[in-house]
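Remarks on the overall topology
Okay, here's what each chain looks like letter by letter:
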Amino acid sequence: MAELYQYQVGGSLPENAPTYAVRQADFELFDRLKDGEFCYVLNSRQMGKSSLLVRTMQRLIADGISCASIDISDMGSKQISLEQWYGGVAYKLVSSFNLCNAVEFMSWWRDRELISPVQRLSDLIEHLILKQIAGKIVIFIDEIDSVLSFQYCLDDFFALIRSCYNKRSQNLEYHRLTFALLGVGTPSDLIADRTRTPFNIGKAISLNGFSLAEAQPLAKGLAEKVENSQQVLADILHWTGGQPFLTQKLCQIILNTTITNQESWLDNLVRSHIIENWEFHDEPVHIKTVRDRLLRNQQKASKLLGIYQKIIQDSKIPTDDSPEQTELQLSGLVVKNQGYLQVNNLIYASIFNQNWVEKSLFDLRPYAEALAAWLASKCQDESRLLRGQALQDAREWANNKNLSSQDYQFLTASQEYELAELRKKQQQNQIEITRLYREKELLEKLTEEQKQRKLTEKQLRRERILRNEIIMRVSAALISIIAFLIGVFWVKSSIENNKEKMISMSLFSESLFEENKPLDSLIESLKAGIELKSALGIDSATQMRVLMALHQAVYSFQQQEKLSGHTSKVTFVSFSPDNQIIASASADKTIKLWQRNGKFISNLVGHSATIYSVNFNSNSKILASASADKTIKLWRRDGKLINTLTGHNAAVYSVIFNPDGKLIASGSGDGTIKLWQMDGMDGKLVTTLNNHSPVYSISFSPDGKKIAAASGDRTVKIWQLDGKLLYTLKDHHSAVLSVSYSGDGTMLASASTDGIVKLWDTQGKRLSILKHKNRVNHISFSPDSQIIASGDADGMVRLWYRDGTLIKSLKAHQDEVLSVNFSLDSMLLASGSADKNVMLWNLHLEDLLIKACKNLGDRLLNTNQINQSDRYLCNGMSSQISNLE
């Protein structure tokens, strides 16, 4: 009768227990041990290992094989010595095999007290067990994980077991001896000393949950209680995943409960008797064991929870056999299935859900006390913010975890506060340096005035003569650039000879510049420019080499345009697609619009916190801005505010239009990317992409079908517009701050706080690396996709070829560069910096050279050498100079 039928919940099942479910492991373990193979069954708790041991041992004995079982947990772990521990194991063996009585054993053991305990155990196996027992012998060792809590190292014990296997090649008697190890652990746990050979022998026996066919013995007790026992059993396995303990427990609950015919009665029973208030219902203890295995080590727990959180978000993740994944499997919470890790069963998934993970992470977070105090102050108490190593530790802890928006706000505020403090110190240092320079300049000025008073009339006449010669040389340089512009000299030579000649001139110009001979460098670079103008078919790389040599030569004569007016750091700069307007965003909560010649147009005021990004739509009539106030604002070009888009829960770091201007994408510290449809002049939210980590930068592919996101979890994620994650680039070692597609759509660049810019193809393959000495804040491709500009924390703007070769480093900012962008006609490069300024770099060499030549004379008053051939070249075209005035 069903009333007399009992399921066993916990503990080993007796040999003839009617609810014992025979699994594949029963057949495999029996067959392997019978054939003399060493075996181990290492799995999570309450999976039926001990019951499997009992059944297999009885079957082997019935087949004429001598067996002994040692439960390591019975040996003790805290109050005994190594001598006592090994003695206990040895006595258990001789008593199990009935080889001698206790007195005889004690005498035998003490007679060998001059040798180590492990050697005595080895002698007992070889000279007593193998000598006195005929036939095959199997020794079961259960609860092997108990050795991990023993106060002494037991590596020698498992090394002894391995030696019994190795001795088979020397002593045929050892072929009769076989071991089976059972417990919660891995083979690598058994020998802790990494300098010794690991425990790498034996056959692993997989012990999985019950299948429906294997669980048929359990249906017998249900048959008298329910009408459709097979369907009920299938529903039970749906909840338990075949986990033995939970399956037996749920069957017993059904036997002890009055069953109604209401729909979903079993689901309600599971929730009311197991899931809801589970800590009260967890008797005998099972679910607490799973929880405690996860949380027992606070340092490891956060990593385990981070992996488990990823599993429940994605339903499964690929296995990598890492120690953390192995620990998760040993807890029993997850199982491996066809190369993936997934939650073991629906009961576990219901109890250990996303809310439980978030609460556990909250309890584990190393900055919990500081966060609580900061929140209690309504986010105003800056003394509670993290800094230094504490901030670094917190960021590393938060990596790869999906935390609350409050966590990300706290960490972002801490990082901004630390940066502000650092900049304040730098500004103080800069003030002191400026003061010292002023004192030095004053002293030099006084010294120079004293020298000037001592000059004789003869010296003044010589200076006038020298100035006239310099003017003649300047005229020669100016005439050379006229030749460059109008093609006076037409060199009739082969393309290859022209290329080699221009490269040689460029290299010579660069060497003169390095030798602090700017005038000679300019003359040589002008010659190379003339050759370039007259040559046909020269490849783009050689052209760029010549142009950059010219840029370098005139750099010391040319002052860049500086746009000043912001009262705090300039976080972003961008050009309108029609190349007429420059927009700059700032931490002073304003956007400034400038003409391309640097003339100020207007101020856009409306945000209540730092503005991190500003961009134009395709027709240059609308701007979108993103701010730490969690909003996106849309503006007309005349400065009128059109609309404010809300929906993000943290600072918005990036906002862009798609190529046709009909869609807006925004990336935020709340770990999401939102897509907004432009309906007239307004924006309507249409899609949210869950990135699960702060998004610092986003970029549309040129065809508008994909979005690349620079993420705080050290990755770049590529998304479809429908929210499908295509692939993830995982090669960075710290947060990725900027990402940009090339205009031709063949390349993607990403920049990180680790000082590395990586270039990728469209399939996610890494092409090259651009190394910087410090954090890279922003990157941008030139419109022709051939040049990459990067802005870094050293205050430098660097230009690179797309193959990773450094072209030039531009220095004009006094603090870190936060943004760089090219104009669409490639004539200008704009950079924004924490020094509150926007710098415009003139990339149009004709204008640049003319300005340089006009200023050359005043710069080089003390130069008194001029090449005779240069003079002839200049004199030959002196009649052209008036055309430039």
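In short, a report on the structure. (Residues numbered from 1 in each chain as written. Predicted model: local features only at pLDDT ≥ 70, side-chain atom pairs only at ≥ 80, totals over all residues. Heavy atoms only, no water.)

Here the focus is the nonpolar core. Within the largest apolar cluster, 51 residues are counted, with the highest numbers of intra-cluster contacts made by Leu-222 and Phe-352. Contact partners of Leu-222, with chain neighbours within four places excluded, come to Tyr-7, Ser-229, Val-232, Leu-233, Ile-236, Cys-251 and Ile-254. Within the second largest apolar cluster, 46 residues are counted, among which are Ala-68, Met-75, Leu-93 and Trp-109. (Core = buried A, V, L, I, M, F, W, Y, C linked by side-chain atoms within 4.5 Å. Buried < 20%, exposed > 50% of the residue type's maximum accessible area, 1.4 Å probe, protein only. Contact = heavy atoms within 4.5 Å.)

This part is about the sheet that holds strand β30 (residues 776–781). The pairing of strands in a sheet comes from backbone hydrogen bonds and takes either a parallel or an antiparallel form. Taken in spatial order, the four strands make up an open sheet running β30-β31-β32-β33, and their pairing is antiparallel. Where the open sheet ends on each side, the last strands, each with one partner, are β30 and β33 (806–811). Ignoring which end each strand starts from, the neighbouring axes of this sheet average 20 degrees apart. (Pairing = 2+ DSSP bridges. Helix = DSSP H or I, 4+ residues; strand = E, 2+ residues; numbered from the N terminus. Axes fitted to C-alpha atoms, helices over the stretch in contact; angles between N-to-C directions.)

What follows concerns the packing of aromatic side chains. Considering all chains together, one arrives at 15 aromatic pairs under this definition. Plain terms: the ring middles of Trp-85 and Phe-157 are 5.1 Å apart, the flat faces sit at 85 degrees to each other, and that makes the pair edge-to-face. With a gap of 72 residues between them, Trp-85 in helix α3 (residues 82–96) and Phe-157 in helix α6 (residues 155–166) connect regions that are remote in the sequence. Phe-157 carries the same exposure label as Trp-85, and that label is buried. Each residue in the set Trp-85, Tyr-86, Phe-157 and Phe-158 is aromatic and connected to the rest through ring pairs, giving one cluster. (Phe/Tyr/Trp six-rings, centres within 6.5 Å; stacked < 30°, edge-to-face > 60°.)

Moving on, we get to the pattern of salt bridges. The full count for this structure, using the stated rule, is 24 salt bridges. Notably, a salt bridge pairs Arg-120 with Glu-83, separated by 2.7 Å at the nearest N-O pair. Remark: Glu-83 occurs in helix α3 and Arg-120 occurs in helix α5 (residues 117–132); sequence separation between them is 37 residues. For Glu-83, a relative accessible area of 34% gives the class partly exposed. Put simply, Glu-816 and Arg-775 hold a salt bridge, and the shortest N to O gap is 2.5 Å. Taken together, the residues span a long stretch of sequence, with Glu-816 in the loop between β33 and β34 (817–822) and Arg-775 in the loop between β29 (766–771) and β30 at a distance of 41 residues. The same class applies to Glu-816 as to Arg-775, namely buried. The network of salt bridges with shared partners includes Glu-28, Arg-32 and Glu-37. (Salt bridge = Lys/Arg side-chain N within 4 Å of Asp/Glu carboxyl O.)

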